[in-house]
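So the chains spell out like this:
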Amino acid sequence: QVQLVESGGGLVQPGGSLRLSCAASGSISSINTMGWYRQAPGEQRELVARITHGDITNYADSAKGRFTISRDGAKNTVYLQMNSLKPEDTAVYYCNVVGTRRFFGSFDKWGQGTKVTVSS
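What you see is a predicted model, and the numbers here were worked out from it, not measured in a lab.

K.L.:
For this particular structure, what's the right way to read the side chain of asparagine 96?
P.N.:
If you trace the backbone, asparagine 96 turns up in strand 9 (residues 91–101). The class for asparagine 96 is buried, based on a relative accessible area of 6%. A polar contact of 3.2 Å, which involves the side chain of asparagine 96, links it to the backbone oxygen of lysine 109. Beyond its immediate stretch of four places on either side in the chain, asparagine 96 contacts Thr33, Met34, Gly35, Tyr37, Asp108, Lys109 and Trp110.

Structure below.
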């Protein structure tokens, strides 16, 4: 089993910052990609940012220049630093981790979600 634990969401004023964390644990052999997605009410889930094992990153256009994704390979943890937050960033943010497990093949795991609300 692979478990993901997310943290860091909350209420922040426009222009403020938040840092999300997602730690993966369990019988993990390797991780290919770690990413953050978000889903606003009534909207589809969308990619925010993703980082590969080789530290190649890609961002949604809405995140470029404001958000930074990073990872700690030793801790199997991915971070999303969000700056200059806007009300339209309000959503539930989900961590996604893709990798392989010891003895049991590949996995594609989603976190439980952490709510980010940007409001004055």
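K.L.:
Would you mind showing me how to read the pattern of salt bridges here?
P.N.:
Pairing is possible between side chains that carry opposite charge, provided their charged atoms lie close to one another. Here the structure, examined in full by the defined rule, presents five salt bridges. Of the charged contacts, one joins arginine 38 and glutamate 46 as a salt bridge, the two residues approaching to 2.8 Å between their closest N and O atoms. According to the relative accessible area criterion, glutamate 46 is partly exposed, its value standing at 36%. Between arginine 66 and aspartate 89 there is a salt bridge, with the nearest N and O atoms lying 2.8 Å from each other. Placement of the pair is arginine 66 in the loop between strand 6 (57–59) and strand 7 (67–72) and aspartate 89 in the loop between strand 8 (77–82) and strand 9, with a sequence separation of 23 residues. Residue arginine 66 shares its accessibility class with aspartate 89, and that shared class is buried.

K.L.:
What's the story with the sheet that holds strand 8 in this structure? I'm lost.
P.N.:
Hydrogen bonds along the backbone pair up the strands of a sheet, which may run parallel or antiparallel. The four strands are arranged 1-3-8-7 in an open sheet whose pairing can be described as antiparallel. Bordering the open sheet on either side are strand 1 (2–7) and strand 7, each of which pairs with just one other strand. Pairs of neighbouring strands in the sheet enclose a mean axial angle of 15°, with direction left out of account. Pairing of strand 3 (residues 18–26) with strand 8 involves six bridges; the strand directions are antiparallel. Considered in strand 8, the bridge of leucine 18 is made with methionine 82.

Reading the values: the criteria
- Residues numbered from 1 in each chain as written.
- Predicted model: local features only at pLDDT ≥ 70, side-chain atom pairs only at ≥ 80, totals over all residues.
- Heavy atoms only, no water.
- Helix = DSSP H or I, 4+ residues; strand = E, 2+ residues; numbered from the N terminus.
- Buried < 20%, exposed > 50% of the residue type's maximum accessible area, 1.4 Å probe, protein only.
- Polar contact = N/O pair within 3.5 Å; in protein donor to acceptor, adjacent residues only side chain to side chain.
- Contact = heavy atoms within 4.5 Å.
- Salt bridge = Lys/Arg side-chain N within 4 Å of Asp/Glu carboxyl O.
- Pairing = 2+ DSSP bridges.
- Axes fitted to C-alpha atoms, helices over the stretch in contact; angles between N-to-C directions.

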